[in-house]
Amino acid sequence: MKPKSLITSAALLLATALPSGAAVETYKIDPAHSAVTFKVRHFFTPVPGSFGKFEGTIKVDRENLENSSVEATIDATSVDTGHERRDNHLKNEDFFLVSEYPTITFKSTSWKKGASDDEFEVTGDLSIKDVTKSVVLDVKLLGFGEGMRGAFLSGWEAETEIDRRDFGVNYGAGVVGNDVDIQITVEAARQ
């Protein structure tokens with residue numbers, strides 16, 4: 001076989017053996033190793049809270065992370081501030097009104113590269129109660145790699161700040177702060 005035809009044959013073999021484009025991978029958020037937390041001021045002091053039940057998927061294009069997307073649903077009834085009376089108040093009509101709006105959802109609309117290769121501005125639609133607003137999450141990719149029992153994992157951190165009044169949560173003016181700091185940590189397994 002001539003060298004030129006050997007090179008052509010090898011190129012054709014590689015072209016058929018390798019995928020033609022980067023595959024989008026789907027990762028399922030693992031709630032046991034993830035957290036959705038928040039802080040909101042009560043008079044002067046930030047009071048922390050979290051949501052114990054949530055789920056979501058991240059579709060990742062590792063060749064071009066700006067083509068990625070995320071969808072998540074939080075069970076608003078799982079709000080937990082470590083104080084049962086306050087948690088029950090947060091579930092009523094003054095705040096989340098979980099009897100009518102039991103979930104909070106987020107669906108990304110764009111990913112843009114941030115200050116470094118592992119930082120992104122993820123814009124998406126956040127729905128709380130009957131209001132949907134566009135918000136921007138500052139997202140950091142923590143990495144990809146092998147986990148336990150052969151699982152392939154991705155790790156992420158995200159944060160944002162919202163004004164609760166934008167979502168129709170107006171109770172407690174002057175007592176409860178308007179700005180809510182949200183922090184999210186995610187471990188997700190490739191499906």
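Residues numbered from 1 in each chain as written. Predicted model: local features only at pLDDT ≥ 70, side-chain atom pairs only at ≥ 80, totals over all residues. Heavy atoms only, no water.

Thoughts on the overall build of the chain
So the rule is basically this: Elements are defined by DSSP. Helices are runs of H or I of four residues or more, strands are runs of E of two residues or more, and each kind is numbered from the N terminus. Residue exposure (1.4 Å probe, protein chains only): buried if accessible area is under 20% of the type maximum, exposed if over 50%, otherwise partly exposed. Note on areas: Shrake-Rupley, 1.4 Å probe, and residue coverage restricted to the protein chains presented here.
Within the chain, the secondary structure is distributed over two helices and eleven strands. When the helices and strands of the chain are read in sequence order from the N terminus, they spell out α-β-β-β-β-β-β-α-β-β-β-β-β. Across the 191 residues that make up the chain, the buried fraction comes to 35%. Roughly 11600 Å² of accessible area belongs to the chain as shown, and the carbon and sulfur atoms make up 54% of that amount.

Remarks on the packing of aromatic side chains
Selection criterion: To pair, rings of Phe, Tyr and Trp, with the six-membered ring standing in for Trp, must have centres within 6.5 Å; the planes then decide the type, stacked if under 30 degrees apart, edge-to-face if over 60, and tilted in the middle. When the NZ atom of lysine or the CZ atom of arginine is within 6 Å of a ring's centre and also within 35 degrees of its normal, the charge is said to sit over that ring.
This model, assessed by the stated rule, comprises seven aromatic pairs. Geometrically, the ring pair formed by tryptophan 111 and tryptophan 156 is edge-to-face, given 5.6 Å between the ring centres and 85° between the ring planes. Placement of the pair is tryptophan 111 in strand S7 (residues 103-113) and tryptophan 156 in strand S10 (residues 152-163), with a sequence separation of 45 residues. This pair shows no difference in class: tryptophan 111 is buried, exactly as tryptophan 156 is. The ring of phenylalanine 144 has arginine 62 lying over it, and the distance from NZ or CZ to the ring centre is 4.9 Å. Its guanidinium or amino end placed over the ring of phenylalanine 152, arginine 190 lies 4.1 Å from that ring's centre, counting from NZ or CZ.

Remarks on a negative patch on the surface
The cut-off we apply is this: Residues qualify for a patch when their relative accessible area is over 30% and they have no salt bridge, like charges being joined within 9 Å and the nonpolar side chains of Val, Leu, Ile, Met, Phe, Trp and Tyr within 5 Å. Each salt bridge in this description consists of a side-chain nitrogen of Lys or Arg and a carboxyl oxygen of Asp or Glu lying within 4 Å of one another. Under the convention used here, Asp and Glu are negative, Lys and Arg are positive, and both His and the chain ends fall outside the count. The location of each charge is read from NZ of Lys, CZ of Arg, CG of Asp or CD of Glu.
On the surface, a cluster of negative charge is contributed by Glu121, Asp138, Glu157 and Glu159. You can call glutamate 121 partly exposed: its relative accessible area is 40%.

Quick look at the pattern of salt bridges
Applying the stated criterion to the full structure yields six salt bridges. For glutamate 25, the salt bridge goes to arginine 62, with nearest N and O atoms at 2.9 Å. Of this pair, glutamate 25 sits in strand S1 (residues 25-29) while arginine 62 sits in the loop between strand S4 (54-60) and strand S5 (69-75); the two residues are 37 residues apart in sequence, bridging distant segments of the chain. Between aspartate 117 and lysine 113 there is a salt bridge whose closest N-O contact spans 3.2 Å. Residue classification places aspartate 117 among the exposed positions, given a relative accessible area of 59%. Overall, lysine 113 belongs to the partly exposed group, its relative accessible area being 46%.

Details of the nonpolar core
To be explicit about the condition: Here, the term nonpolar core denotes a set of buried Ala, Val, Leu, Ile, Met, Phe, Trp, Tyr and Cys residues that are joined through side-chain atoms within 4.5 Å. Here a residue-residue contact requires only that any non-hydrogen atoms of the pair lie within 4.5 Å.
Grouped together as the largest cluster of nonpolar side chains are 42 residues, with contacts concentrated most on Ile58 and Trp156. No other element matches the six residues that strand S11 (residues 176-190) contributes to this core. Once residues within four sequence positions are removed from consideration, tryptophan 156 is found in contact with Ile58, Val60, Leu65, Trp111, Val139, Lys140, Leu141, Leu142, Phe144, Ile184, Thr185 and Val186.

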